Amino acid sequence: MQELINTFHIDWKLMTAQIINFAIVLFVIWKFALKPIMKTMLERTKTIENSLEQAKEIEARVARTSEESQAKISAAQQEATVIITEASKTAEIKRQQAVTETEEKVANLVSQAKEQIERQKQEMVKQAQSEMAELVVQATSKVLEQKMDKATDKQLISDVLKKL
Amino acid sequence: MSITVKQIAQALFQQSQGKKSKEVDILIDNAFKILAENNLLKYKDQLLPAVEQVRREVENKLLATVRSRNKLTTGQLKEIGDYVESKTGKTVELAEVLDEGIIGGAKVTYEDTELDLTINKKLKVLKQYLQTK
């Protein structure tokens, strides 16, 4: 030990003073530099961690909002699809009704026109028959008036009286 | 209460029973006065036929009118009279009317009955048949 001290010229007093100085310097550095730095670092770490948590929370919220929005959009799209389908069905039903009503009206008009034509035809036939009957009777009357003399009339009356 | 031509005719007929011609003329004059008093002069032409009708009713007779273009024979008129009597049970007085509108045959009317035996009727039936055929 003594050899070691002699070899390196160790001065216990000086070494002690240096150790004390070092300790003082170390204390000062810890007190006024490392401690605030550590405190600041811890605060920054907490802040960063909070920020990260908030970022995650925001991201999750955004994700939830996005899902909700997507769900709402999907629901709205489905509702819109249903409404459009219903509207299409209603429009188709109305169109069919309109077509049916129009067809019925046309059929009625055609039927009425046919009936009117038939009535007119019947009236014409009836009128023609009536006129023909009138002509036949008039012609027969004329012929009978010319042919009917007293003797024929007398015979005619006798014949009808026999049938009484 | 208004009086009718038939009531006047009934009264005139009853009053004229057994009366002489001059007395009947007076009754007729009175009947026309009653018509005038009751504003019935427009029916004056109906008075004597109405008296005749009253007489027939009293005597249970009826008037049958025979219309024809030509005058009927006595035998034909008798046939018609017998036929109407058989249908009504009344004694028939026939009135013969010549009608140029009749082509041939005869038409007999009595009470509410019409017996149309004319060519006109047959032509009318023919016309109806042709129109409805």
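Calculation criteria
Residues numbered from 1 in each chain as written. Chains lettered and ligands numbered in written order. Predicted model: local features only at pLDDT ≥ 70, side-chain atom pairs only at ≥ 80, totals over all residues. Heavy atoms only, no water. Helix = DSSP H or I, 4+ residues; strand = E, 2+ residues; numbered from the N terminus. Buried < 20%, exposed > 50% of the residue type's maximum accessible area, 1.4 Å probe, protein only. Areas by Shrake-Rupley, 256 points an atom, 1.4 Å probe, with all protein chains shown as cover. Contact = heavy atoms within 4.5 Å. Buried area = accessible area lost by both parts, 1.4 Å probe. Salt bridge = Lys/Arg side-chain N within 4 Å of Asp/Glu carboxyl O. Nonpolar A, V, L, I, M, F, W, Y, C, P; charged D, E, K, R; others polar. pLDDT = per-residue confidence, 0-100. Expected span 1.5 Å × (residues − 1). Arc of directions from axis to C-beta.

This part is about the overall build of chain A. Across its full length, chain A holds three helices and zero strands. Listing each helix as α and each strand as β along chain A from the N terminus yields α-α-α. Sorting the 164 residues of chain A into buried and exposed places 7% on the buried side. With an accessible surface of roughly 14,500 Å², chain A has 62% of that area assigned to carbon and sulfur atoms.

On to the interface of chain B and chain A, then. Residue-level contacts link 20 residues of chain B with 22 residues of chain A. Contact between chain B and chain A buries roughly 2,000 Å² in total, counting both sides, with carbon and sulfur atoms accounting for 70%. Scanning the region where chain B abuts chain A turns up one salt bridge. Two residues, Glu 134 of chain A and Lys 127 of chain B, come together in a salt bridge whose shortest N-O distance is 2.3 Å. Put simply, the parts of the chain that give the side of chain B that touches chain A at least two residues each are α4 (74-88), β3 (105-110), β4 (113-118) and α5 (119-132) of chain B. Classifying every residue of the side of chain B that touches chain A gives 10 nonpolar, six polar and four charged.

For chain A, per-residue confidence averages 92 on the pLDDT scale, and 100% of positions sit at 70 or higher. Model confidence for chain A, summarised as mean pLDDT per element, is weakest for helix α1 (residues 2-8) of chain A at 79 and strongest for helix α2 (residues 12-147) of chain A at 94.

Each full turn of the α-helix corresponds to 3.6 residues, which orients residues three or four apart in the same direction. Residue and element names in this part refer to chain B. Relative to the 24 Å expected for 17 residues at 1.5 Å per residue, helix α2 (residues 21-37) spans 24 Å between its end C-alpha atoms, a close match to the ideal helical length. Within α2, the full set of buried residues consists of Leu 27, Ala 31 and Leu 35. Here the buried residues of α2 occupy an arc of 85° about the axis, which is enough to place them on one side. Counted as exposed and oriented over 90 degrees from the buried face of α2: Lys 22, Ile 26, Lys 33 and Glu 37. Positive phi shows up at Asn 39, right after α2, with a value of about 55°.

A positive phi angle, close to 55°, is found at Asn 39 of chain B, a residue other than glycine. Note that Asn 39 of chain B resides in the loop between α2 and α3 (44-58).

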